[in-house]
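Given next are the chains, with one letter for each unit.
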Amino acid sequence: MHSPDRRRQAETLLASGLSLSACARLSGVARSTLRTWRDTSPTPRGLECPRCSDAPLVPEVYAALLGYYLGDGCVSTARRCFALRISCDIAYPEIIVDVRRLLETTHPSAATHLVRAPGCVVVQKAWKHWPCLLPQHGPGPKHSRPIVLEDWQRTILESHPAPFLRGLFHSDGSRVSNRVRRMVAGRMKYYVYPRWQFTNYSDDIRELCCWALDLVDVPWRQSNRHHISVSTRAGVARLDELIGLKQ
Ligand SMILES: [Zn+2]
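Residues numbered from 1 in each chain as written. Predicted model: local features only at pLDDT ≥ 70, side-chain atom pairs only at ≥ 80, totals over all residues. Heavy atoms only, no water.

Novice: I'd like a rundown of the sheet that holds strand β6 (residues 187–199), residues and numbers included.
Specialist: Here four strands make up an open sheet; going across it, the order is β5-β6-β8-β7 and the pairing antiparallel. This sheet does not close on itself; its edge strands, each paired only once, are β5 (173–184) and β7 (221–224). For this sheet, the mean inter-axis angle between neighbouring strands, taken without regard to orientation, is 40 degrees. For β7 and strand β8 (residues 227–230), the ladder comprises three bridges, and the chain directions are antiparallel. Directly across from R221, in β8, lies its bridge partner S229. Contacting β5 and β6, helix α8 (residues 161–172) runs over the sheet at an angle of about 115 degrees to β6. The strands that helix α9 (residues 203–215) touches are β6, β7 and β8; relative to β8, the one it contacts most, it runs at about 15 degrees. (Pairing = 2+ DSSP bridges. Helix = DSSP H or I, 4+ residues; strand = E, 2+ residues; numbered from the N terminus. Axes fitted to C-alpha atoms, helices over the stretch in contact; angles between N-to-C directions. Contact = heavy atoms within 4.5 Å.)

Novice: Describe the pattern of salt bridges, and please don't skip the residues or the numbers.
Specialist: A pair can form between side chains of opposite charge whenever their charged atoms are brought close. As enumerated under the stated definition, the model contains six salt bridges in all. Here R166 makes a salt bridge to D98, at a shortest N to O gap of 2.9 Å. Highlighted residues: R166 in helix α8 and D98 in helix α5 (residues 93–106), separated in sequence by 68 residues. Residues R166 and D98 agree in their burial class; the two are buried. (Salt bridge = Lys/Arg side-chain N within 4 Å of Asp/Glu carboxyl O. Buried < 20%, exposed > 50% of the residue type's maximum accessible area, 1.4 Å probe, protein only.)

Novice: Please set out the side chain of R206 residue by residue, giving values where relevant.
Specialist: The topology assignment puts R206 in helix α9. Reaching out from R206, the side chain makes a polar contact with the backbone oxygen of R225 at a distance of 3.1 Å. In this view, R206 contacts F198, N200, Y201, Q222, R225, H226, H227 and I228; residues no more than four positions away in its chain are not counted. (Polar contact = N/O pair within 3.5 Å; in protein donor to acceptor, adjacent residues only side chain to side chain.)

Novice: Give a description of the coordination of the zinc ion that names residues and reports values.
Specialist: Coordination of the zinc ion by the protein is provided by C49 (SG), C52 (SG), H129 (ND1) and C132 (SG), with metal-donor distances spanning 2.1 to 2.4 Å. Look at where the donors of the zinc ion fall in the sequence and you get C-x2-C-x76-H-x2-C. You can see C52 sitting in the loop between α3 (31–40) and α4 (59–72) and its partner C132 sitting in helix α6 (residues 130–133), a full 80 residues away along the chain. Its relative accessible area of 54% is what places C52 among the exposed residues. (Donors = N, O, S within 2.8 Å, 3.2 Å for Na, K, Ca; no water.)

Note that all results are geometric; they support no functional claim without further evidence.
What follows is the structure, given as structure tokens:
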């Protein structure tokens, strides 16, 4: 027996157009149950705003979306509406799919557009309620203004730090390999040490990244003014497991 909240979350995922298998994986509800709910659901969801109504917000989806927004996203005015735009590196097609899925799950009833730009794809969707969900929006670049989370956002991230970190690192992060040369028993050997790096000009956003890393017990260090590094073997392995590789 599933709680009404879980059912609402699962129905929101279904309404986004994801496959039954994907919905089952994200919601933890069996495919057969989801199929029954899909086939008997009275109304499609999608127009409601989780902040202005009691429409459900899938916390792990929201946490990832917020991470991507703080990384490479912006909310801008588009006619009398707002548009959320998230720039994705063309080299990582699975991240583009991930971002698209997050937008479609959050607001299923409007079209999501993929716009080609030099070296990247901008995933965008218009909705008048983006400022409700992303109250950090404002004029100018994010590093030129304070980025302070509201209490309800902090509560979501405290229970879902991993998808938030996925959004941050898959947009403004990179996983690099350091190649080190060492003389061992008279012979030169090469060792490769992977590490994650997060780069952002906003002190507030870097601080949020460090806060979330602390929540999942991943050690980090400030490697220079704008970079946060995760470089211990255990820390890199833990982050790999939590957020997946960029691909
Ligand atoms: Zn709203």
